[in-house]
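# Descriptive structure summary
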Amino acid sequence: MKKVTRPSWDEYFMGITELVAQRSTCLRRQVGAILVRDKRIMTTGYNGAPARINHCLDVGCLREQMGIPSGERHELCRGLHAEQNAIIQAAIHGVNIQGATLYCTNMPCSICTKMLINAGIVDIYYKEGYSDSLASDMLAEAGIVPKKFG
């Protein structure tokens with residue numbers, strides 16, 4: 001009998017997160033996020049413009065046009081972050097995400113961090129770093145230790 005190697009739960013969920021990121025409509029960075037509790041996916045999200053709004057893929061990137069560096073002036077973007085969309089999907093569908101774990105292709109920014117803390121997220125796994133010291137400080141203060149995956 002052939003031995004089958006199964007991915008760990010973290011590998012499994014991060015792999016799904018990377019697939020979710022492929023739906024992103026951002027021209028700068030494709031980000032995926034999933035919220036998991038009890039080894040079950042609660043919601044998913046990817047970064048992009050709100051529903052019924054033209055995608056950056058179609059109209060261009062406002063931040064690029066304005067020369068805004070990555071990680072700055074988040075409010076000058078027509079898109080939502082993947083983590084925000086995962087939280088919004090939970091609200092729309094009445095899914096309780098308190099006590100869930102976030103798997104994300106990127107470390108959350110400070111805006112997403114505040115939302116994740118208030119939503120009751122207890123663990124964060126991410127693949128790529130993100131330069132936002134305020135996010136790291138707030139997570140530490142909230143007792144959440146983000147874990148770099150890979």
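Just above, that's the structure.
Below or above, wherever it landed, is the structure these notes cover. (Residues numbered from 1 in each chain as written. Predicted model: local features only at pLDDT ≥ 70, side-chain atom pairs only at ≥ 80, totals over all residues. Heavy atoms only, no water.)

### Regarding the nonpolar core
- Formed by 22 residues in total, the largest nonpolar core has its most connected members in L35, I97, L102, L116, I121 and I124.
- Elements supplying a minimum of two residues to this core: strand 1 (32-37), helix 4 (82-93), strand 3 (101-106), helix 5 (110-119) and strand 4 (123-128).
- With four residues, the top contributor of residues to this core is helix 4.
- Residues I16, V36, Y103 and Y125 belong to the second largest nonpolar core, which totals eight residues. (Core = buried A, V, L, I, M, F, W, Y, C linked by side-chain atoms within 4.5 Å. Buried < 20%, exposed > 50% of the residue type's maximum accessible area, 1.4 Å probe, protein only. Helix = DSSP H or I, 4+ residues; strand = E, 2+ residues; numbered from the N terminus.)

### A short note on helix 4
- Taking 1.5 Å as the rise per residue, helix 4 with twelve residues should run 16 Å; its terminal C-alpha atoms sit 17 Å apart, in good agreement.
- Every buried residue of helix 4 is accounted for by A82, E83, Q84, N85, A86, I87 and A90.
- The secondary structure elements touched by the buried residues of helix 4 are strand 1, strand 2 (40-46), strand 3 and helix 5.
- Looking one or two residues past helix 4, G94 carries a phi angle of roughly 65°, positive in sign. (Expected span 1.5 Å × (residues − 1). Contact = heavy atoms within 4.5 Å.)

### Considerations on unusual backbone geometry
- At K39, a position not held by glycine, the phi torsion is positive, near 60°.
- Positioned with a positive phi, R52 is a non-glycine residue whose angle comes to about 70°.
- With respect to the element layout, R52 can be found in the loop between strand 2 and helix 2 (56-59).

### Structural notes on the side chain of T105
- Looking at the element boundaries, T105 is found in strand 3.
- Within the structure, the side chain of T105 is placed 3.3 Å from the side chain of N106, a separation counted as a polar contact.
- T105 has contacts with T17, E18, A21, Q30, V31, G32, K127 and E128, leaving out every residue within four places of it along the chain. (Polar contact = N/O pair within 3.5 Å; in protein donor to acceptor, adjacent residues only side chain to side chain.)

### Brief notes about the sheet that holds strand 5 (residues 147-148)
- Within the open sheet, the five strands sit side by side as 2-1-3-4-5. Their pairing is mixed. The sheet is open, and its two borders are formed by strand 2 and strand 5, each paired with just one other strand.
- Sheet analysis places strand 3 next to strand 4, joined by five bridges and oriented parallel. Residue pairing across strands places T101 opposite D123, the latter belonging to strand 4.
- Its contacts with the sheet put helix 1 (residues 9-21) on strand 1, strand 2, strand 3 and strand 4, and the angle it makes with strand 1 is roughly 140°.
- Contacting strand 1, strand 2 and strand 3, helix 4 runs over the sheet at an angle of about 130° to strand 2. (Pairing = 2+ DSSP bridges. Axes fitted to C-alpha atoms, helices over the stretch in contact; angles between N-to-C directions.)

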